[in-house]
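# Examination of the molecular architecture
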Amino acid sequence: MTRGGPPVRVGVLASGRGSNLQAILDATRDPDFPARVVVVISDREEARALERAAARGVPAVHLNSKDYADRDRYDRAIVGVLAEHRVDLVCLAGFMRILGPGLVHAFAGRIMNIHPALLPAFPGLAAQRQALEYGVKITGATVHFVDEGVDTGPIILQAGVPVRPEDTEETLSERILVEEHSLYPRAIRLFAEGRLRIAGRRVLVEATP
Ligand code: GRF
């Protein structure tokens, strides 16, 4: 949390394509952006996210869960890498694993996730398909703090996206993704500016100091 201090050190956890990671990396190119990505960790060796990190000279670490006896030990390995890079804020960006209590508590109030729906609607996998199948007229994207549940933590920012009659899962996902890419850097900036306060289930955004 910087107020004119050094940039907040962000660790990104990603399993795949990494377009949200890219949006965050692009935002941090602005010298005035108050955060920097200092490490990217993936559970999948072939994750495009690792390539994107490496292309920007950001340490890219693959941790294979099969190398660890159980989730707790795997999570401890993640915490170890995050600590080694002195990470202040953990951003999940398409990370396809549920974090265990050890990891969540090690970074309590300092882990964010992005979800392609207006939570609490359509948590879990294939949120865009769930929205289409349910028949909602508006869906969107949510950035929230992470607790031990699946997509249940306090909501930081949301953006709505209208569902069009001709939408497929692909076209809807594409339009939601556009919103995701602006929402995540905005949430990180608010955190880094020390403007987010968690009050029970609500996240209050304080005015610019
Ligand atoms: C995004 O839709 C995000 O909301 C969800 O997983 C997807 C990740 O996409 N959690 P990418 O890897 O950031 O491109």
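Structure shown above.
These notes cover the structure that comes with them. (Residues numbered from 1 in each chain as written. Predicted model: local features only at pLDDT ≥ 70, side-chain atom pairs only at ≥ 80, totals over all residues. Heavy atoms only, no water.)

### Thoughts on the overall build of the protein chain
The number of helices and strands found in the protein chain is six helices and nine strands. Expected size for 209 residues packed as a compact globule is a radius of gyration near 17 Å; at 17 Å, the protein chain falls within 12% of this value. On the principal axes, the C-alpha backbone points of the protein chain span a range of 50 × 45 × 35 Å. Of the contacts formed within the protein chain by residues at least 6 apart in sequence, a portion of 64% connects residues at least 24 apart. Summed over all atoms, the accessible surface of the protein chain reaches about 10,200 Å², with 52% contributed by carbon and sulfur. Charge separation in the protein chain, taken as the distance between the mean sites of 26 positive and 26 negative side-chain charges, equals 4 Å. (Helix = DSSP H or I, 4+ residues; strand = E, 2+ residues; numbered from the N terminus. Rg over C-alpha atoms; globule rule 2.2 N^0.38 Å. Contact = heavy atoms within 4.5 Å. Areas by Shrake-Rupley, 256 points an atom, 1.4 Å probe, with all protein chains shown as cover. Lys, Arg positive; Asp, Glu negative; His and termini not counted. Charge placed at Lys NZ, Arg CZ, Asp CG, Glu CD.)

### Section: helix α2 (residues 48-55)
Residues A49, L50, R52 and A53 constitute the buried set of α2. For α2, the arc enclosing every buried residue in end-on projection is 160°, short of the 170-degree limit, so these residues lie on one face. Within α2, the exposed residues directed more than 90 degrees away from the buried face are A54 and A55. Lining the buried residues of α2 we find α1 (19-27), β2 (35-42) and β3 (60-62). (Buried < 20%, exposed > 50% of the residue type's maximum accessible area, 1.4 Å probe, protein only. Arc of directions from axis to C-beta.)

### Things to note about the packing of aromatic side chains
What the rule picks out here adds up to two aromatic pairs. Considering the side-chain rings of Y68 and Y74, the 5.5 Å spacing of their centres and the 65° angle between planes classify their relative orientation as edge-to-face. With relative accessibility at 29%, the residue Y68 sits in the partly exposed group. We classify Y74 as buried; its relative accessible area is 1%. (Phe/Tyr/Trp six-rings, centres within 6.5 Å; stacked < 30°, edge-to-face > 60°.)

### Topic: the environment of L50
Within the fold, L50 resides in helix α2. Separated by 21 residues in the primary sequence, L50 and R71 place their C-alpha atoms 22 Å from one another. Non-local contacts of L50, meaning those with residues more than four positions away in its chain, are made with V40, S42, R44, E45, A60, V61 and H62.

### Brief notes about helix α5 (residues 127-134)
Where α5 is concerned, the buried positions are A127, Q128 and A131. Buried residues of α5, viewed axially, fall in a sector of 105°; they line one side. Buried residues in α5 make contact with β5 (111-115), β6 (138-145) and α6 (169-192).

### What about the site of the ligand?
For the ligand, the full set of nearby residues is R17, G18, S19, N20, G94, I114, H115, P116 and E180. With respect to the ligand, the backbone of N20 contributes an N or O atom lying 2.8 Å from an oxygen atom. Interatomic distance of 2.7 Å between a side-chain N/O atom of E180 and an oxygen atom of the ligand. Compared with its free state, where it exposes 370 Å², the ligand has 85% of that area covered by protein. In this structure the site holding the ligand corresponds to the largest pocket. Counting only elements with at least two residues in the shell around the ligand, the list comes to α1 and β5. Among the residues forming the shell around the ligand, the class breakdown is two nonpolar, five polar and two charged. Each of domain 1 (7-108) and domain 2 (114-209) accounts for three or more of the residues forming the shell around the ligand. (Near = heavy atom within 4 Å. Polar contact = N/O pair within 3.5 Å; in protein donor to acceptor, adjacent residues only side chain to side chain. 1 Å grid on protein atoms, 1.4 Å probe; cavity = no way out; pocket = protein on both sides within 12 Å on 5 of 7 lines; lining within 4 Å. Sits in = over half its atoms within 2 Å of the grid points. Nonpolar A, V, L, I, M, F, W, Y, C, P; charged D, E, K, R; others polar. Domains from an automatic or database assignment.)

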